[in-house]
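Chain by chain, the residues run as shown.
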Amino acid sequence: MTEVWRYEGPLRRRLRQARRLVGAAPTVGTHGVLVPAFWWDGHPNFGDALTPLLLPRYGIVPLHREPDRARLVGVGSLIQFLPADFDGAIWGTGSIDDTERPLPEARVLAVRGPLTAERIGSGEVAYGDPGLLVARHLRRPGSDGRVALVAHGHHRGDAELRALAGLDGVRAVNVHRAAPPVVREIASAGAVLTTSLHGLVTADAYGIPAVWTTREPALIGGDFKFRDYEAAVTPGRSRFAHFDDVRTPDDVVRRASRADAGRVAELCDGLESALRRLPEVLGSLPRYPAGLLRG
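Now for a description of the structure that goes with this document. (Residues numbered from 1 in each chain as written. Predicted model: local features only at pLDDT ≥ 70, side-chain atom pairs only at ≥ 80, totals over all residues. Heavy atoms only, no water.)

## Thoughts on the overall build of the chain
Going by this rule: Going along the chain from the N terminus, every DSSP run of H or I of four or more residues is numbered as a helix, and every run of E of two or more is numbered as a strand. What the globule rule says is 2.2 Å times the number of residues to the power 0.38, and the radius of gyration is computed from C-alpha atoms. Each residue is assigned to one of three classes by its accessible area relative to the maximum for its type, calculated with a 1.4 Å probe on protein chains only: buried under 20%, partly exposed between the two thresholds, exposed over 50%. The contact rule is simple, with two residues in contact once any of their heavy atoms fall within 4.5 Å. What sets the accessible areas is the Shrake-Rupley method with a 1.4 Å probe; for residues, cover comes only from the shown protein chains. For the purpose of counting charges, residues Lys and Arg are taken to be positive, whereas Asp and Glu are taken to be negative. His and the chain ends are not included. Charge positions come from single atoms, namely NZ of Lys, CZ of Arg, CG of Asp or CD of Glu.
Along the backbone of the chain there are 11 helices and 11 strands. Compactness check: the chain gives a C-alpha radius of gyration of 19 Å against a globular reference of 19 Å for 295 residues, within 12% of the reference. Within the chain, the proportion of its 295 residues that are buried is 52%. Within the chain, counting contacts between residues at least 6 apart in sequence, those at least 24 apart form 64% of the total. If you sum the accessible surface of the chain, you get close to 13100 Å²; carbon and sulfur atoms cover 52% of it. Put simply, the chain has 38 plus and 34 minus side-chain charges, and the middle of one group is 8 Å from the middle of the other.

This is the structure in structure tokens:
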């Protein structure tokens, strides 16, 4: 019985799906469409949860499906999960590492950055992580002026990050939760230090100075996803700093910088414009909620 109730268990997954479908109603009304979509749902993590958070804001109700049954893939480093003959839509997705994975049949609306575009062999498409759109839908709370320390899940036990989190002027953000509260916690910071890509993305969405660093264990693909993202958002400039240079709140504030607001707005406009093409590239889609009765 315990196995059934784990986060990734089939019953839990169905319950989350049901909650998302019900929760989409106030946003989508009767004018949305249903799309089988893939995002990582193996454990709670706010970055992975951005796909079902954002899509209903654009009239799209995602039904979680495995990659071979999905018609849309969104936020995250998910390219490596897609079959070589994937012919659905890609929207803001990234590759996990510097490996060529051609997807000649895919309908590429947008990718996280130009490095991913090269690795999958796509032509000219929109760039940007869809997480940048959160600021268009969740209002920024007042800033408390502190440094938000956003550790990747692999780094939550890191002794030196924990020591930094214990200093005055710093607060740790637990990424293993639903997207809205984590986004608001990051958005209320005066500056952000992160080993999680979506800590950086969220900071950029709200115009908050940010800096990213690396810790052990190294993430899969190393810093590829950061370089891919920054090649789109801050081309020619990185906010990376060695951890020895960001050991205090003052260090973080000195090293952190904002992404250009105009560039972020341009990427957001491109992501939204790309998403409007979804019915065009996928064809007729079932309406929400009527399509649920047929499915």
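## Regarding unusual backbone geometry
Cis geometry is adopted by the peptide bond preceding Pro217, which originates at Glu216 and carries an omega value of 0 degrees. With respect to the helices and strands, the residue Pro217 is situated in the loop between β10 (210–212) and α7 (224–233).

## Overview of the nonpolar core
The following threshold applies: The nonpolar core is taken to be a set of buried Ala, Val, Leu, Ile, Met, Phe, Trp, Tyr and Cys residues, with the residues joined through side-chain atoms within 4.5 Å.
If you look at the biggest cluster of nonpolar residues, it comprises 57 residues, and the most contacted ones within it are Trp91, Val192 and Leu278. If you tally residues by element for this core, the top one is helix α9 (residues 261–275), at 6 residues. Apart from residues lying up to four places away in sequence, Leu278 is in contact with Val35, Ile60, Leu72, Ala89, Leu109 and Gly283. By size, the runner-up hydrophobic cluster in this structure holds 15 residues, among which are Ala70, Leu78, Phe86 and Leu103.

## Focus on the packing of helix α6 (residues 197–205) against α7
The following threshold applies: Here an axis means a line fitted to C-alpha atoms, over the contact stretch when the element is a helix, while the angle between two N-to-C directions is reported on a 0 to 180 degree scale. When an angle is under 35 degrees it counts as roughly parallel; over 145 it counts as roughly antiparallel; between 65 and 115 it counts as roughly perpendicular; any other value is oblique. Handedness of a crossing is defined here by the sense of rotation of the near helix relative to the far one, left-handed for an anticlockwise turn of less than a right angle and right-handed for a clockwise turn. Put simply, Ala, Val, Leu, Ile, Met, Phe, Trp, Tyr, Cys and Pro go in the nonpolar bin, Asp, Glu, Lys and Arg in the charged bin, and everything else, Gly too, in the polar bin.
Direction vectors running N to C along α6 and α7 enclose 15 degrees, while the axes themselves pass 10 Å from each other. Comparing the axis directions of α6 and α7 gives the class roughly parallel. When you trace α6 past α7, the crossing you get is right-handed. Residue-level inspection shows Leu197, Leu200, Val201 and Asp204 of α6 in contact with α7, the latter providing Lys225, Phe226, Tyr229, Glu230 and Val233. The residue makeup of the contact of α6 with α7, split by class, is 6 nonpolar, no polar and 3 charged.

## Re the packing of aromatic side chains
Any aromatic ring pair is given by two values, namely how distant the centres are and how the planes are angled relative to each other. Filter applied, for reference: The pairing test for Phe, Tyr and Trp rings, Trp by its six-membered ring, is centres within 6.5 Å, and the orientation test on the planes gives stacked under 30 degrees, edge-to-face over 60, and tilted for anything in between. Note on criteria: charge over ring means Lys NZ or Arg CZ within 6 Å of the ring centre, with the direction from the centre no more than 35 degrees off the ring normal.
Under the definition given, this model contains 4 aromatic pairs. An angle of 70 degrees between the planes, with centres 5.8 Å apart, marks the rings of Phe38 and Phe81 as edge-to-face. Here Phe38, found in strand β1 (residues 32–38), pairs with Phe81, found in the loop between β3 (72–73) and β4 (89–93); they are 43 residues apart in sequence, far enough to count as distant. Exposure remark for Phe38: the relative accessible area of 4% places this residue in the buried category. Residue Phe81 is classed as partly exposed on the basis of its relative accessible area of 37%. Looking at Arg215, its charged tip hangs above the ring of Phe243, at a distance of 4.4 Å from the centre.

## Let's talk about helix α5 (residues 179–187)
Condition: The directions from the helix axis to the C-beta atoms are what the arc is built from.
Looking only at α5, the buried set comprises Ala179, Val182, Val183, Ile186 and Ala187. Looking down the long axis of α5, one finds its buried residues gathered within 135 degrees of arc, a one-sided arrangement.

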